[in-house]
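Notes for the structure review
Listed below, chain by chain, are the residues.
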Amino acid sequence: MMNTWQRMQTALPLGLLAWVLVAGLAIRIEGIRQTDQTSFTGQPLIDDAYFYAALGRNLADGHGPRVDAEHYTTGFQPLWGFLSALPYLLLPDEHGITALQAMGVAVGALTCLVIYGLAIRMTDSRWLALIPAGLWFVAPHSMLHNLGGMETALAILAQMLMFLSLYRLYETGTRRWWVLHGLACGFGFLARVDSAVLVAAMGALLALFPPGEGRPLRERARRLATWGGVVLMVALPWLIFTTAWGKPPPARERRGGAYAGQVHWLSGGARADPASLSGARPHLCGLLREQFLLVPERLYHAALELGCRRAARPDLARPHPSG
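Below or above, wherever it landed, is the structure these notes cover. Worth saying up front: this structure is predicted, and the values here are computed from it rather than measured. (Residues numbered from 1 in each chain as written. Predicted model: local features only at pLDDT ≥ 70, side-chain atom pairs only at ≥ 80, totals over all residues. Heavy atoms only, no water.)

**Focus on the nonpolar core**
Counting 27 residues, the largest nonpolar core has Y52, L55, F76 and L154 as the members making the most contacts within it. When contributions to this core are tallied by element, the ones reaching two or more residues are α2 (51-60), α5 (96-123), α8 (152-172), α9 (175-191) and α11 (217-244). In terms of residue count, the dominant contributor to this core is α2 (six residues). Contacts of Y52, omitting those with residues within four sequence positions, involve F76, Q77, W80, G81, S84, L100, G149, M150 and E151. (Core = buried A, V, L, I, M, F, W, Y, C linked by side-chain atoms within 4.5 Å. Buried < 20%, exposed > 50% of the residue type's maximum accessible area, 1.4 Å probe, protein only. Helix = DSSP H or I, 4+ residues; strand = E, 2+ residues; numbered from the N terminus. Contact = heavy atoms within 4.5 Å.)

Shown next, in the form of structure tokens:
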């Protein structure tokens, strides 16, 4: 009887997770079906989502990292950039956008499973782990990221893998997980290069509070060096590629402006020239407070847009923030 109950305790949460996955995938597939595959501005895509469609097509055609027939891109996230060429190498061009969206949906499903696995280890409960995994997978914003053809979905997956492997490294302290965590951090950097900040933070954590306190200092230093070598080995091809294309990492004097510009945009401000914001250093608490206060507004706009689409009245759609 106890064995049956234990099996039910395992099977029921997995069944609910499977239901969440099916529901979320069904909505995403409907989103793909509603996307205008012939237009570079079709809904329900957001941001400059078709940038990677153009980039992937040019890479597949052997034209290099271009956004059109003449202009090179000012930069792209490496892993998703090169993955975006696969649909145009393997399929006719007219199916490229659909394939990119399908890749994003698959990445989103994998992310849901990784979040579930991480939450199980953090809460020690399969039922509690359903909450973050389920809420993330059915959230409208995560669906838009999965359907948008951009690198965001892959970056979220990579960062969740970084946290999961870090958790496992502190659980076990084995050399295997030092290497796997290094691979995850390198993968996170290639998925989105500004994840380098997170990689550096995790490296500092491992250096200051290394797993396996009972091991000799030399052994811990050797394992940290192994981790750093794995991260560098994974990231080095991209650094060589960008240097070969004449785009070395930004100079020190430009980093402050880039940082301030990104934070200003994330905090709800208008898209501005980063150079004009080089003196800005917003406090973290203020940034978090702004994001928290924007949640009701974003929920309202999401509900309004959904209602407009159902009523087939595009004249009521939300105006662009710049307008």
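**With respect to the packing of α5 against helix α6 (residues 126-138)**
Direction vectors running N to C along α5 and α6 enclose 150°, while the axes themselves pass 8 Å from each other. On the basis of their axis angle, the class for α5 and α6 is roughly antiparallel. By crossing handedness, the relation of α5 to α6 is classed as right-handed. Contacts between α5 and α6 involve G108, A109, T111, C112, I115, Y116, A119, I120 and T123 from the former and R126, L128, A129, L130, P132, A133, W136 and F137 from the latter. In terms of residue class, the contact of α5 with α6 is made up of 13 nonpolar, three polar and one charged. (Axes fitted to C-alpha atoms, helices over the stretch in contact; angles between N-to-C directions. Parallel < 35°, antiparallel > 145°, perpendicular 65-115°, else oblique. Left-handed = near helix turned anticlockwise from the far one by under 90°. Nonpolar A, V, L, I, M, F, W, Y, C, P; charged D, E, K, R; others polar.)

**Considering a nonpolar patch on the surface**
The grouping of L86, L89, L90 and L91 at the surface amounts to a nonpolar patch, some 390 Å² of accessible area in total. Inspection of the secondary structure puts L91 in the loop between α4 (86-90) and α5. Under the relative-accessibility criterion, L91 is labelled partly exposed at 38%. (Patch = residues over 30% accessible without salt bridge, like charges linked within 9 Å, V, L, I, M, F, W, Y side chains within 5 Å. Areas by Shrake-Rupley, 256 points an atom, 1.4 Å probe, with all protein chains shown as cover. Salt bridge = Lys/Arg side-chain N within 4 Å of Asp/Glu carboxyl O.)

**Describing the pattern of salt bridges**
As enumerated under the stated definition, the model contains eight salt bridges in all. The shortest N-O distance in the salt bridge between E151 and R192 comes to 2.3 Å. With E151 in the loop between α7 (140-147) and α8 and R192 in the loop between α9 and α10 (196-208), this residue pair connects regions lying 41 residues apart in the sequence.

**A few points about the side chain of R66**
Among the structural elements, R66 can be located in the loop between α2 and α3 (78-83). Accessibility expressed as a relative area gives 17% for R66, which makes it buried. Reaching out from R66, the side chain makes a polar contact with the backbone oxygen of H63 at a distance of 2.8 Å. Setting aside its immediate chain neighbours within four residues, R66 contacts A54, L55, N58, H71, Y72 and T73. (Polar contact = N/O pair within 3.5 Å; in protein donor to acceptor, adjacent residues only side chain to side chain.)

**Describing the environment of L17**
Inspection of the secondary structure assignment puts L17 in helix α1 (residues 2-34). Look at L17 and you get buried, because its relative accessible area is 5%. Measuring from C-alpha to C-alpha, the distance between L17 and A133 comes to 8.1 Å, with 116 residues separating the pair along the chain. When near neighbours in sequence (up to four residues on either side) are disregarded, L17 contacts C112, L113, Y116, L130 and A133.

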